[in-house]
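Now for the letters of each chain:
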Amino acid sequence: MRYSRSKYWKHRAMMKSAALAPSLPETRRCSRDAFRSMLERHRHVIVKPVGGWGGDGVVSVSTEGDGRYEVRSGKSRRTFEGTDSAYTYLRRLSKGRSHIVQQRIPLATVNGKPFDLRVMVQRKKGSPWVVTGKLAKVAGPGFLITNVRRSGGRVISYAAAFRRSNLRGASMTETERRIDALAVAAAEQLERYYPVRVCGLDVGLDDKGGVWIIEANFTPYNGLFLKLKDRSMYRRIMAYAKQDNRKGTKK
């Protein structure tokens, strides 16, 4: 069975793995009822287009108490009374596109700014999946999303992000081992449904050191790795991409 390449169906494909499911944020198609129930359960959610890229259209909604909800789009913040008015506003922002609503992970921060990881997993024909690169995307000032172009954020190495982060009591080496194992398992699971040999995974570390797979991209933007001083990961990624005759594009 072949699945659509939308964010929703890639999430569904990964959820079929018992090993991956605990590390996936709850994700549903965004309807009025789903929006309301997700806010009741998680208090803070992310709403994003099923086929968006580059952070386009990603909105954060948080419960403020007394029936009020804050909607953040980029640096803009608006407060609404009740979930219905917040949802109506989101529908206007959506411009007719289909969206998902996802449990927001309380991301670890660097100097108060949230960050997540781009983990590249690739496979040569006839060979197993391997992690070929990893970096941290730190959100720009005033943004919750970590997309570098959208938020004006920056790229740093995983090690630098971990050392400068608010994570305490977690082992950098052990956390990286868990990240890599989950990333490879995610690629193996996705390959059951999609004919791919590259996955760019957005992986979040929560403020307690938990590892979460936020989403999977099949056409990741390899140029992010050129922003690191050490170009060895970029060279490795491109060597795999050349062998596979695939080039990173927008995401």
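Source: prediction; values computed, not measured. (Residues numbered from 1 in each chain as written. Predicted model: local features only at pLDDT ≥ 70, side-chain atom pairs only at ≥ 80, totals over all residues. Heavy atoms only, no water.)

Enquirer: How would you summarise the sheet that holds strand S5 (residues 76-81) if you had to cite specific residues and measurements?
Expert: Taken together, the six strands give an open sheet; going across it, the order is S1-S6-S2-S3-S4-S5, and neighbouring strands pair in antiparallel fashion. Strands with a single pairing partner mark the edges of an open sheet, and in this sheet they are strand S1 (27-29) and S5. Shown here is a sheet whose adjacent strand axes are inclined to one another by a mean of 25°, direction ignored. Here six bridges tie strand S4 (residues 68-73) to S5, and the two strands are oriented antiparallel to one another. (Pairing = 2+ DSSP bridges. Helix = DSSP H or I, 4+ residues; strand = E, 2+ residues; numbered from the N terminus. Axes fitted to C-alpha atoms, helices over the stretch in contact; angles between N-to-C directions.)

Enquirer: Could you give an account of the packing of helix H2 (residues 32-42) against helix H3 (residues 83-94), naming the residues involved and the relevant values?
Expert: Packed helices, taken two at a time, are described by the angle between their axes plus the distance between the axes. Taken N-terminus to C-terminus, the directions of H2 and H3 make an angle of 125°; their axes are 10 Å apart at the nearest point. Classified by the angle their axes make, H2 and H3 are oblique. Once H2 is placed against H3, the crossing between them reads as right-handed. Judged by residue contacts, Arg 32, Phe 35, Arg 36 and Leu 39 of H2 engage Thr 83, Asp 84, Ala 86, Tyr 87, Thr 88 and Leu 90 from H3. Class assignment of the residues belonging to the contact of H2 with H3 gives a composition of five nonpolar, two polar and three charged. (Parallel < 35°, antiparallel > 145°, perpendicular 65-115°, else oblique. Left-handed = near helix turned anticlockwise from the far one by under 90°. Contact = heavy atoms within 4.5 Å. Nonpolar A, V, L, I, M, F, W, Y, C, P; charged D, E, K, R; others polar.)

Enquirer: Would you mind going over the nonpolar core in detail, with residue names and values included?
Expert: The biggest cluster of nonpolar side chains holds 39 residues, and the ones touching the most others in it are Phe 115, Leu 117, Val 121, Leu 201 and Leu 205. Only helix H1 (7-15), strand S8 (113-122), strand S9 (130-138), helix H5 (158-164), helix H6 (172-191), strand S11 (198-205) and strand S12 (211-217) provide two or more residues apiece to this core. It is H6 that contributes the most residues to this core, seven residues altogether. Counting residues in each nonpolar core, the second largest holds 17 residues, with Cys 30, Leu 39, Phe 80 and Ala 86 among its members. (Core = buried A, V, L, I, M, F, W, Y, C linked by side-chain atoms within 4.5 Å. Buried < 20%, exposed > 50% of the residue type's maximum accessible area, 1.4 Å probe, protein only.)

Enquirer: Tell me about the pairing of strand S2 (residues 44-49), and please be specific about residues and values.
Expert: Taking burial as the measure, the six residues of S2 include six buried ones, the bulk of the element. The side-chain alternation of S2 yields two buried faces, one formed by His 44, Ile 46 and Lys 48 and the other by Val 45, Val 47 and Pro 49. Where S2 meets strand S3 (residues 59-65), four bridges bridge the pair, whose relative direction is antiparallel. Within S3, the residue paired with His 44 across the bridge is Ser 62. Relative to strand S6 (residues 99-103), S2 is paired through five bridges, and the arrangement is antiparallel. Residue pairing in the sheet places Ile 46 in a bridge with Gln 102 of S6.

Enquirer: Got a sec to walk through the environment of Asp 66? Specific residues and values, please.
Expert: Positionally, Asp 66 belongs in the loop between S3 and S4. Sequence spacing of Asp 66 and Glu 81 is 15 residues, and the spatial spacing of their C-alpha atoms is 8.5 Å.

Enquirer: Describe the pattern of salt bridges, naming the residues involved and giving the relevant values.
Expert: Summed over all chains, the structure comprises 15 salt bridges. Between Asp 207 and Lys 208 there is a salt bridge; the shortest N-O distance is 3.8 Å. Residue class for Asp 207 comes out partly exposed when judged on its relative accessible area of 35%. Judged by its relative accessible area of 74%, Lys 208 falls in the exposed class. Taken together, the salt bridges that share partners define one network made up of Arg 32, Asp 33, Arg 36 and Asp 84. (Salt bridge = Lys/Arg side-chain N within 4 Å of Asp/Glu carboxyl O.)

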